[in-house]
Amino acid sequence: MNAPNPLPRRQFASDNYAGVIPEVWEALEHARFGHATAYGEDPWTARASDLLRDFFETDCEVYFVFNGTAANSLALASLCNSYHSVICHALAHVETDECGAPEFFSNGTKVLLAEGANGKIDPVAVENIVNRRKDIHYPKPRVLSVTQATEMGTVYQTDELATLCDTAKRHDLRLHLDGSRLANALASLNGSPANLTWRLGIDVLCFGGTKIGMPVGEAVVFFNKDLAHEFEYRCKQAGQLASKMRFLSAAWIGLLESGAWLKHAQNANACAAALGKGVESIEGVSLIAPVEANACFVQMPENVATGLRNRGWKFYTFIGNGGARFMCSWDTSMEDVTALVEDIRELSS
């Protein structure tokens, strides 16, 4: 087949660069034959939904959409009226990387920004925002949106997440979890998905599939089923109702049925940990935040960053609190990590 070649080596710019995990590709291969009912009325979608219910050990409403921006934006819109506000971290994806989609799909719900070290929301900041004003002229806080793992590659420990959930519930805030890299966070915590989501009080989760090795697709999981009322209409109106839904949902079967998500998340996390350790040993280079999932944020001289790019390395410098972000993917190898660290070391000497 005459098709473009991929990049000559694996990169660290984003886990979106990586291809498809074998288990997902196999599931898609099984789904590609024959006819099936359209728009989600197929056995693959039913099976994937049941697998997610088993995964979280609860009955929940499940919807499959194409991408994380749609998942977050439509989920938040279902939790708010237009005169409400959503509290999130200042670095959260719903604030910095979704082109105003949360405000657009909610007809104007305002996003209010909370601070906190290393990408984690400070519960005191939530209290301050809620208590800042109570009058009718202020957009009434209605939702707390938490990102797990955070945009700085850190992971909320169970007690930290529990404290945020308790703070939200005391102020009658609904809880949204942006889990674009939830698989990596769960692998880091080695905890029960149920104990780290709905049992703490999470109302709706946007569970990322793309970054852990699916070709496309996210799952919107309503643990509070009442909040899912007519969500299917939001999906349709937003162009997120796939006609051949089985090709979104079958990928989840491959991801969950064999536990592939955990194996690949553990590999990405281990590579990031090794990268962080390697970087810390280089004079003049330092970590900006702890390495707790599959991201490594690095402060380095500008000439080192330029030198890396000249050698063909791709990475982002516009995400988080400055510096360079190196993101490990499901298929990153220790050899990739070693090659990058040695180039950083050589350019820093």
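Residues numbered from 1 in each chain as written. Predicted model: local features only at pLDDT ≥ 70, side-chain atom pairs only at ≥ 80, totals over all residues. Heavy atoms only, no water.

1. Focus on the overall build of the protein chain
For the protein chain, the helix and strand inventory stands at 13 helices and 10 strands. A compact globule built from 349 residues should have a C-alpha radius of gyration of about 20 Å, and the protein chain, at 20 Å, falls within 12% of that. On the principal axes, the C-alpha backbone points of the protein chain span a range of 60 × 60 × 35 Å. Counting the 349 residues in the protein chain, one finds 54% classified as buried. Intrachain contacts of the protein chain at a sequence separation of at least 6 include 78% that bridge at least 24 residues. Accessible area for the protein chain stands at about 15,500 Å²; split by element, carbon and sulfur atoms hold 50% of it. One finds the centroid of the 30 positive side-chain charges in the protein chain at a distance of 3 Å from the centroid of its 41 negative side-chain charges. (Helix = DSSP H or I, 4+ residues; strand = E, 2+ residues; numbered from the N terminus. Rg over C-alpha atoms; globule rule 2.2 N^0.38 Å. Buried < 20%, exposed > 50% of the residue type's maximum accessible area, 1.4 Å probe, protein only. Contact = heavy atoms within 4.5 Å. Areas by Shrake-Rupley, 256 points an atom, 1.4 Å probe, with all protein chains shown as cover. Lys, Arg positive; Asp, Glu negative; His and termini not counted. Charge placed at Lys NZ, Arg CZ, Asp CG, Glu CD.)

2. Let's talk about the packing of aromatic side chains
The final tally for this structure, using the stated rule, is 15 aromatic pairs. Between tyrosine 63 and phenylalanine 222, the ring centres sit 6.0 Å apart and the planes meet at 90°, which makes this aromatic pair edge-to-face. Remark: phenylalanine 222 occurs in strand E7 (residues 218–222) and tyrosine 63 occurs in strand E1 (residues 61–65); sequence separation between them is 159 residues. Per residue, the accessibility class of tyrosine 63 equals that of phenylalanine 222, and both read buried. (Phe/Tyr/Trp six-rings, centres within 6.5 Å; stacked < 30°, edge-to-face > 60°.)

3. Thoughts on the nonpolar core
Ranked by internal contacts, the top residues of the largest apolar core, which has 65 residues, are Leu52, Phe64, Ile87, Leu144, Phe207 and Trp252. In terms of residue count, the dominant contributor to this core is helix H10 (residues 246–256) (seven residues). The residues contacting phenylalanine 207, other than those within four sequence positions of it, are Leu52, Phe55, Phe56, Gly179, Leu182, Ala183, Glu218, Ala219 and Trp252. (Core = buried A, V, L, I, M, F, W, Y, C linked by side-chain atoms within 4.5 Å.)

4. A word on the packing of helix H6 (residues 123–132) against helix H7 (residues 158–170)
With their axes 9 Å apart at the nearest point, H6 and H7 run at an angle of 15° to one another. By the angle between their directions, the pair H6 and H7 is classed as roughly parallel. H6 and H7 meet at a crossing whose hand is right-handed. Facing Pro123, Val126 and Glu127 of H6, the residues of H7 in contact are Thr163, Leu164, Thr167 and Arg170. Across the contact of H6 with H7, the residue classes tally to three nonpolar, two polar and two charged. (Axes fitted to C-alpha atoms, helices over the stretch in contact; angles between N-to-C directions. Parallel < 35°, antiparallel > 145°, perpendicular 65-115°, else oblique. Left-handed = near helix turned anticlockwise from the far one by under 90°. Nonpolar A, V, L, I, M, F, W, Y, C, P; charged D, E, K, R; others polar.)

5. Points about the side chain of serine 333
Here serine 333 is to be found in the loop between strand E10 (324–327) and helix H13 (334–348). The class for serine 333 is buried, based on a relative accessible area of 14%. Not counting chain neighbours up to four residues away, the residues in contact with serine 333 comprise Arg10 and Cys271.

6. Topic: the sheet that holds strand E8 (residues 286–287)
Read across the open sheet, the three strands follow the order E8-E9-E10; overall the sheet is antiparallel. The two strands at the open ends of the sheet, each matched to only one other strand, are E8 and E10. Strand direction decides the pairing type here: E8 and strand E9 (residues 295–299), joined by two bridges, are antiparallel. Paired with serine 286 across the two strands is glutamine 299, which belongs to E9. (Pairing = 2+ DSSP bridges.)

7. A look at H7
Here H7 contains 13 residues, and its C-alpha end-to-end distance of 18 Å stays within 8% of the 18 Å for a straight helix at 1.5 Å per residue. Of the positions making up H7, those classed as buried are Leu161, Ala162, Leu164, Cys165, Thr167 and Ala168. Elements in contact with the buried residues of H7: H6, strand E4 (140–147) and strand E5 (174–179). The first or second residue beyond H7 is aspartate 172, which carries a positive phi of 60°. (Expected span 1.5 Å × (residues − 1).)

8. Quick look at helix H11 (residues 260–280)
When the terminal C-alpha atoms of H11 are compared, their 31 Å separation across 21 residues agrees well with the 30 Å that a helix rising 1.5 Å per residue should span. Considered for burial, the residues of H11 that qualify are Ala260, Trp261, His264, Ala265, Ala268, Asn269, Cys271, Ala272, Leu275, Gly276, Gly278 and Val279.

9. Quick look at the sheet that holds strand E6 (residues 204–208)
Pairing is mixed across the open sheet formed by seven strands, whose spatial order is E1-E7-E6-E5-E4-E2-E3. The open sheet has two edge strands, E1 and strand E3 (110–114), and neither has a second partner. Pairs of neighbouring strands in the sheet enclose a mean axial angle of 20°, with direction left out of account. Both E5 and E6 contribute to a ladder of four bridges, which runs parallel. Considered in E6, the bridge of aspartate 178 is made with cysteine 206. Contacts from helix H2 (residues 43–56) reach E1, E6 and E7, with the element oriented near 125° to E1. Of the strands in this sheet, strand E2 (84–89), E3 and E4 touch H6, which is tilted by about 135° from E3.

10. Observations regarding the pairing of E5
Burial runs high along E5: five of the six residues are buried. Looking at chain direction, E4 and E5 are connected through five bridges and run parallel. Bridge pairing in E5 links valine 146 to leucine 177. Crossover handedness for the path E4 to H7 to E5: right-handed. (Right-handed = clockwise from strand over helix to strand, strands pointing away.)

11. What to know about the pattern of salt bridges
Applying the stated rule across the entire model yields 18 salt bridges. Of the charged contacts, one joins aspartate 172 and arginine 142 as a salt bridge, the two residues approaching to 3.6 Å between their closest N and O atoms. Of the two residues, aspartate 172 sits in the loop between H7 and E5 while arginine 142 sits in strand E4, which places them 30 residues apart along the sequence. Owing to a relative accessible area of 14%, arginine 142 belongs among the buried residues under this scheme. Here glutamate 342 ties to arginine 345 by a salt bridge, and the two come within 3.7 Å at their closest N and O atoms. Remark: arginine 345 and glutamate 342 occur in helix H13; sequence separation between them is three residues, near one turn of the helix. Owing to a relative accessible area of 40%, glutamate 342 belongs among the partly exposed residues under this scheme. (Salt bridge = Lys/Arg side-chain N within 4 Å of Asp/Glu carboxyl O.)

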